[in-house]
Every structure is written in structure tokens, then in C-alpha cells.
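Observations on the three-dimensional arrangement
Next come the chains, spelled out residue by residue.
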Amino acid sequence: MSYRIGLVGKPSVGKSTFFNAATMNDVPEGAYPFTTIDPTVGEAYVRVDCAAPEFDETCTPSVGVCREGTRFVPVKLVDVAGLVPGAHEGRGLGNQFLTDLNETDVLIHVVDFSGKTDIEGEATEGHDPREDIDFLEEELDAWYLDVLAKGIEKFETRYQGSEAAIEEELAEQMSAFGTDKDRMKRTILAQGLELNPETWDETDKAELAREIRKRTKPMVIAANKMDTPEAQANWDEITADPDYDHLSFVPASAHAEKALKNADDAGVVDYTPGDDAFDVVGDVSGEQKAGLDQIGEFVAEYDGTGVQGALEAAVFDVLDCIAVFPGSANGSKDEKGVFRDCFILPEGSTTEDFAYHIHSDIGEGLLHGTDCRSGRQVGTDSELSHRDVIELVSTKQAAP
């Protein structure tokens, strides 16, 4: 199972271009509302330094690719349609938007930092991107508050005067958001609230809903169109605003990423996604050279186009995931190939979690793991680290 990144944004901000740049799928693009009318799922990739060179091996990935020691590991990118103000009330494609959004693990909010599209996605000048950031958070907060309020109402009706635990009822009501009673209890207490909804006022409920949303739908802001002076000015102001300290920002130009990938496919440039430079290797016209020079200046200044950076910020910085390689006694080979797999796991995953992630049979028969770099044995409850290479020793083999 790969992680699912939800790609959201109001119409005409470059969301479809971002999706195409990340996946190179043929999704319609256009500067008008609802270009994308259905959720589209594509395969994108996050970079991991391959472990194979440390074992003097050349990897043979079963999925993804490896380019010059950089492994590109697949994740699912979901282009979600229908974000407009009032989505939580069903406006536009609102209800379907929220349903599709809830099937993702983390969000990338594509925002036009140039300020050239208004809140409805229409062409304008001087629009403040903060309005776009705020309205998405407000839409999600209103959605969460509505679900939370229904849970409180059920609790008060069902358990009035009893000693029932509010966290259990709310966890059940909000289970679709990926929470459970222990996380719910920690969140309530972290807000300084009692485990008794009768003591909560409307502000308490709104702030609790917002906190649950922040914990279960974390977000990266892809500051798109950063290759314009207007966007760069907005970047300086917004990233310095303490109101947005809870968000991760990545400067991006989806247009530049797609142009480089197209040029790479055509043999015009040699470009590896995420790099901060590329080489021109084919014949180009004067106009093409000028365009590539401009893109070259941008990627050098911003350490890449930002498309790859946003994906990796979502998976590794916001979700705090780790990548783990399965190995054998010599650290690399099995009968099917060399360093075939690289798995993305939640932070805090143990050897046992890793075994079950690969296959339930291996998990059920797990005896211990072996750290293939050091050769030392690791217990089933040992917490794994990013880029570990682990051999799993089990009494059972995965079913064919």
C-alpha cells in the first residue's frame, strides 16, 4: 500500500499542471473552473538515497526507478476536484470533494502565489494568496466541526448522566478521519479541555475541530508560479507571517517542471526530477534557449522546481515517514533480484510492523530482524530508522 497525497486547490491555480508535472499523465489543463471534474489518481514518486551502492550492488527495482543512486519510490497522487468556498455546504462539487479528500493521508494545497486568480478562480490582479490558504482551512474546519457536533449530540443523547468516555464516541463518529480513542483523548487534553463536553463552549468545540483537522489532514502549501516577481514578493510576506507557522511551504513552478520533463523526454535536456540543475544536450532554438535559461535560473535559486520537493515534504516532513529496504544476509540479494523493494512506512514503525507490511504470513512467523549493515540482530519491537536495510527472519514465507 502506498501513501495517498491529495492535491487540492481552487480552479485555475495550476493544480492540473502540477499533477501532470508530477505524474506525466494526460489530464486536461485549462484556465477555467472545473477543468478537472473527477478525482484522478496517478503515480508520483519520492526520492530516497538507494542503499545498493553501500553494498557494491546495482539495484533492480520492482517498481519505480533508480537514477544515479537516487531511488524514486511510488506514491499515489490524487487530483481532487471541486474546491470552492462553501464546499462543506455542498456548493460546487463540495460533497464529492470532501469524500475524495478523506481518502488521502496528507494534502498538498496548490496556491497561485502570483495573486492572478481570485477566490473563485477567475483572472485578476493583486489577489492575496492568504485568502486561498485561509479558505481551505476554514472549509475543512467547518466540515470537521459539523462531524464533531454530531458526535457530541449523540454522546449527550445516549449517555446523559453516565460515566461513558467522550473520546470513544467522538473517535467512532470521526473514525473516517483516521483517528482513534487514544488519539482523540490526547487531542482533547492537549486543548486544555475536560473529558466532559458539557464544559465546552462553542469556541472550545471550534478549536478542538481545528486541532483534530490539523492532526489528521496535515498540509503542505505548494506556492505555485514562484517564477514571477509578484509571487516572490508574496512569498516573503506570507512565510514571515506567524499565523502560518503551522504550515509547510514549498516554492514551486509546476510549469517549469513539466517543461523540463518534456524536454528530457525529447532528448533536449538531461534532467532528473528534483535536481537544481540540468544539462542542455540537444539542439534548441534561440527562443527555447532563452526559456531554458530562465528555468535554469529559477531551479538554481529555489533548489529545484518545487514539484518533487512538495511531494517529499508531504511524505517525509509532514507525515514523518521513513523508507526501509528489505535485505538478505548479505544485505541485498534475493532470488528475484537485487534491492528490488523500498517501502515507505510510518515513523515509529518496528521490525514487526515492517514484516506485516510486506505480508501477514511473514509477520505471523517473525522471529527477529537483522540489520544488514552491522549484522546485528534486531528485535521484533525495535524501532526502525530511515533507510534501514533489514532482513526478516520468519518461520513463514509470504504466500505466492
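Parameters and conventions
- Residues numbered from 1 in each chain as written.
- Predicted model: local features only at pLDDT ≥ 70, side-chain atom pairs only at ≥ 80, totals over all residues.
- Heavy atoms only, no water.
- Helix = DSSP H or I, 4+ residues; strand = E, 2+ residues; numbered from the N terminus.
- Buried < 20%, exposed > 50% of the residue type's maximum accessible area, 1.4 Å probe, protein only.
- Core = buried A, V, L, I, M, F, W, Y, C linked by side-chain atoms within 4.5 Å.
- Domains from an automatic or database assignment.
- Contact = heavy atoms within 4.5 Å.
- Patch = residues over 30% accessible without salt bridge, like charges linked within 9 Å, V, L, I, M, F, W, Y side chains within 5 Å.
- Areas by Shrake-Rupley, 256 points an atom, 1.4 Å probe, with all protein chains shown as cover.
- Salt bridge = Lys/Arg side-chain N within 4 Å of Asp/Glu carboxyl O.
- Lys, Arg positive; Asp, Glu negative; His and termini not counted.
- Charge placed at Lys NZ, Arg CZ, Asp CG, Glu CD.
- Arc of directions from axis to C-beta.
- Polar contact = N/O pair within 3.5 Å; in protein donor to acceptor, adjacent residues only side chain to side chain.
- Axes fitted to C-alpha atoms, helices over the stretch in contact; angles between N-to-C directions.
- Parallel < 35°, antiparallel > 145°, perpendicular 65-115°, else oblique.
- pLDDT = per-residue confidence, 0-100.
- Pairing = 2+ DSSP bridges.

If you check an unreviewed UniProt entry, the protein appears there as OBG-type G domain-containing protein from Halorubrum xinjiangense.

Notes on the environment of Ala 206
Counting through the fold element by element, Ala 206 comes out in helix H6 (residues 202-216). Residue classification places Ala 206 among the partly exposed residues on the basis of a relative accessible area of 33%.

What about the nonpolar core?
One finds Phe 113, Ile 133 and Phe 249 to be the most contacted residues of the largest nonpolar core, which totals 52 residues. Residue contributions to this core peak at 9 residues, all from helix H3 (residues 129-158). Two domains share this core, each providing at least three of its residues, namely domain 1 (4-123 + 218-317) and domain 2 (137-215). Excluding residues that lie within four positions of it along the chain, Phe 249 makes contacts with Phe 113, Ile 133, Ile 221, Trp 235, Ile 238, Thr 239 and Tyr 244. With 42 residues, the next largest nonpolar core counts Val 48, Leu 311, Cys 321 and Phe 325 among its residues.

Describing a negative patch on the surface
On the surface, a cluster of negative charge is made up of Glu 68, Asp 275, Asp 276 and Asp 303. Tracing the chain through its elements places Asp 303 in the loop between helix H9 (286-302) and helix H10 (307-318). The exposed category is assigned to Asp 303, whose relative accessible area is 56%.

Quick notes on unusual backbone geometry
Comment: phi is negative for the bulk of residues other than glycine, and the bulk of peptide bonds are trans. The phi dihedral of Asp 303 falls on the positive side, at around 60°, and the residue is not glycine. Its identity is not glycine, yet Arg 387 carries a phi of approximately 70°, on the positive side. Residue position: Arg 387 is located in the loop between strand E15 (377-378) and strand E16 (388-394).

Some details on the pattern of salt bridges
Counted under the stated rule, the structure contains 26 salt bridges. The residue Arg 373 makes a salt bridge to Glu 54 at a minimum N-O spacing of 2.7 Å. A residue pair is termed long-range when its members are at least 10 positions apart, and Arg 373 in the loop between strand E14 (366-371) and E15 and Glu 54 in the loop between strand E2 (40-49) and strand E3 (65-67) qualify at 319 residues. Here Asp 241 and Arg 130 are joined by a salt bridge, their closest N and O atoms 3.4 Å apart. Here Asp 241, found in the loop between helix H7 (229-239) and strand E7 (248-251), pairs with Arg 130, found in helix H3; they are 111 residues apart in sequence, far enough to count as distant. For the pair Asp 241 and Arg 130, a shared accessibility class is recorded, and that class is buried.

A few points about helix H5 (residues 181-190)
Buried residues of H5: Met 184, Thr 187 and Ile 188, and no others. One face of H5 carries all of its buried residues, which in axial projection span an arc of 100°. Among the exposed residues of H5, those oriented more than 90 degrees off its buried face are Arg 186 and Ala 190. Among the structural elements, helix H4 (166-173) and H6 are those in contact with the buried residues of H5. Among the residues of H5, the N-terminal cap falls to Asp 180, whose side-chain oxygen and the backbone nitrogen of Asp 182 are separated by 3.2 Å.

Focus: the packing of helix H1 (residues 15-23) against H10
Look at H1 against H10: their axes get within 10 Å of each other, and the N-to-C directions meet at 85°. Between H1 and H10, the angle is such that the two are roughly perpendicular. The residues of H10 that touch H1, namely those facing Phe 18, Ala 21 and Ala 22, are Val 307, Ala 310 and Leu 311.

Overview of the confidence of the model for the protein
Of all residues in the protein, 89% attain a pLDDT of 70 or more, and the chain-wide mean is 89. Note that pLDDT drops below 50 for residues 31-37; the model gives that stretch 22 contacts with residues more than four away or on any other chain.

Re the sheet that holds strand E10 (residues 322-326)
An order of E13-E10-E16-E14-E15 is seen for the 5 strands of this open sheet, with the pairing classed as mixed. Among the strands making up the open sheet, the edge pair consists of strand E13 (343-345) and E15. Along the sheet, helix H11 (residues 351-358) makes contact with E10, E13, E14, E15 and E16, crossing E13 at roughly 130°.

A word on the pairing of strand E4 (residues 70-79)
With respect to burial, E4 is a largely interior element, 9 of its 10 residues being buried. Pairing of strand E1 (residues 4-8) with E4, which is carried by 4 bridges, proceeds in the parallel orientation. Following the sheet pairing, Leu 7 is matched in E4 by Asp 79. Sheet analysis places E2 next to E4, joined by 10 bridges and oriented antiparallel. Residue pairing for E4: Asp 49 is matched across the bridge by Thr 70. Looking at chain direction, E3 and E4 are connected through 3 bridges and run antiparallel. Bridge assignment links Val 65 to a residue of E4, and that residue is Phe 72. Taking the residues between adjacent antiparallel strands as the criterion, E3 and E4 are bridged by 2 residues, where Glu 68 takes a positive phi near 50°.

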